[in-house]
Amino acid sequence: MWPLTIWSTHTTILLLAVLFTGLCCLTQAITITAPEYSLIKSVQEDVLFSVGIACHGTPTIQWTFMSSRSRRDIAVWQPGVYRNISEYYEDRLQTHNNGSITLLDLRLSDSGVYVLAVTEPTGNSKGSTIILKVTEVLYEDLQYLGVFVTVLGGMAGFLMLSMWLLDKVYRRVKTWRRMRKLPEQDETELQPL
């Protein structure tokens, strides 16, 4: 049997402090939500990386781009305090107070993984990723194909019209030559029989 001991006030306060610290850590947990974790967009479109961040205090939000070829810092900011956007994205990026970003005028090189890191003032941090695939616009290729087919059709029509006209000219020249080769009809005298 375990002997019953009475805890001292010092031990009780220490135990309550540990419990309080544990509860504070649980209540200060960072929550990141995103409606979509994979996006497909076309070149020259805009994309909104929509996220929702829940935490205590004003968090530091950092977005980073990663692909098989490169890694770039996009932006670091605290909503309402400061904003730092890298030079590569300066003219094409909008930050939002909820942690979301909008990337304007997409390029093929924007395909990759976008990593969001949220850090609380207490030092707790959490991350999330969104994958973006940027595709080429197919209708531009179809426009070029349409122009090419139209030009070829026009050339074919011109060649067919030229052949028809040349055939008409050839037949008239042939008829005119035939008429020229025929002997002139002279009046011939009739001879009695």
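Everything numeric here is computed off the predicted structure, so don't read it as measured data.

Visitor: In this structure, what is going on with a nonpolar patch on the surface? I would like to understand it.
Guide: Among the surface-exposed residues, Leu142, Leu145, Val147, Phe148, Val149, Val151, Leu152 and Met155 lie close enough to one another that they form a single nonpolar patch of about 780 Å² accessible area. Within the secondary structure, Val147 is located in helix α2 (residues 138-181). Given the relative accessible area of 53%, Val147 is considered exposed.

Visitor: Explanation requested: the pattern of salt bridges in the structure shown.
Guide: Working definition: two side chains of opposite charge can pair if their charged atoms are close together. One pass over the structure, following the stated rule, counts three salt bridges. Taking the shortest distance from any N to any O, the salt bridge between Asp110 and Arg92 comes out at 2.9 Å. Of the two residues, Asp110 sits in the loop between β9 (101-103) and β10 (112-119) while Arg92 sits in the loop between β7 (82-85) and β8 (93-95), which places them 18 residues apart along the sequence. Classification of Asp110 as buried rests on a relative accessible area of 0%. For Arg92, a relative accessible area of 5% corresponds to the buried category.

Visitor: What is the right way to read the sheet that holds β9 from this model?
Guide: Within a sheet, adjacent strands bond to each other through the backbone by hydrogen bonds, running parallel or antiparallel. If you trace the three strands from one edge of the open sheet to the other, you get β3-β9-β8, paired in antiparallel fashion. Whereas interior strands pair on both sides, the edge strands pair on one side only; in this sheet they are β3 (47-49) and β8. Each adjacent strand pair in this sheet contributes to an overall mean axis angle of 20°, direction not counted. Pairing between β8 and β9: three bridges, direction antiparallel. Pairing of Gln94 across the sheet is with Thr102, part of β9.

Visitor: Help me understand the confidence of the model for the chain, please; the structure alone is not making it clear to me.
Guide: Segments scoring low in pLDDT should not have their predicted coordinates read at a detailed level. Residues with a pLDDT of 70 or more make up 79% of the chain, whose mean pLDDT is 83. Confidence drops under a pLDDT of 50 for residues 20-27, and excluding neighbours within four residues, the segment shows one contact in the predicted structure.

Visitor: Can you help me understand the pairing of β7 in this one?
Guide: On a regular strand, one side chain projects to one face of the sheet and the next to the other, so that they alternate. Alignment of strand β6 (residues 71-78) against β7, held across four bridges, turns out to be antiparallel. Bridge assignment links Trp77 to a residue of β7, and that residue is Arg83. The turn joining β6 and β7, which pair antiparallel and follow one another in sequence, is formed by three residues; a positive phi near 80° is taken by Gly80.

Visitor: What's the story with unusual backbone geometry in this structure? I'm lost.
Guide: Trans peptide bonds make up most of the peptide bonds, and negative phi angles are found at most residues other than glycine. Within the chain, Gln44 stands out as a residue other than glycine whose phi angle is a positive 70°. Tracing the chain through its elements places Gln44 in the loop between β2 (38-42) and β3. Its relative accessible area of 55% is what places Gln44 among the exposed residues. Positive phi values are uncommon outside glycine, yet Asp105 reaches one of about 50°. Assignment of secondary structure puts Asp105 in the loop between β9 and β10.

About the thresholds
- Note on numbering: residues in each chain are counted from 1, in written sequence order.
- Only residues with pLDDT of at least 70 get local features here, since the model is predicted, and only at 80 or more are side-chain atom pairs given and counted; chain-wide, interface and lining totals rely on the full set of residues.
- Side-chain measures were taken over the full set of non-hydrogen atoms in the model, leaving aside hydrogen atoms and water.
- A residue counts toward a patch only above 30% relative accessible area and without a salt bridge, and it is joined to like-charged neighbours within 9 Å or, for Val, Leu, Ile, Met, Phe, Trp and Tyr, to nonpolar neighbours within 5 Å.
- Note on areas: Shrake-Rupley, 1.4 Å probe, and residue coverage restricted to the protein chains presented here.
- We define a salt bridge as a side-chain nitrogen of Lys or Arg found within 4 Å of a carboxyl oxygen belonging to Asp or Glu.
- For helices the rule is a DSSP run of H or I covering at least 4 residues; for strands it is a run of E covering at least 2, with both sets numbered from the N terminus onward.
- When accessible area is computed with a 1.4 Å probe and restricted to protein chains, residues below 20% of their type maximum are described as buried, those above 50% as exposed, and intermediate ones as partly exposed.
- Strands are labelled as partners when DSSP assigns at least two bridges between them.
- The convention used is that axes are lines fitted to C-alpha atoms, helices contributing only their stretch in contact, and that angles between N-to-C directions extend from 0 to 180 degrees.
- Residue-level confidence of the predictor is what pLDDT reports, using numbers from 0 through 100.
- Throughout, a residue-residue contact means that at least one pair of heavy atoms, one from each residue, lies within 4.5 Å.

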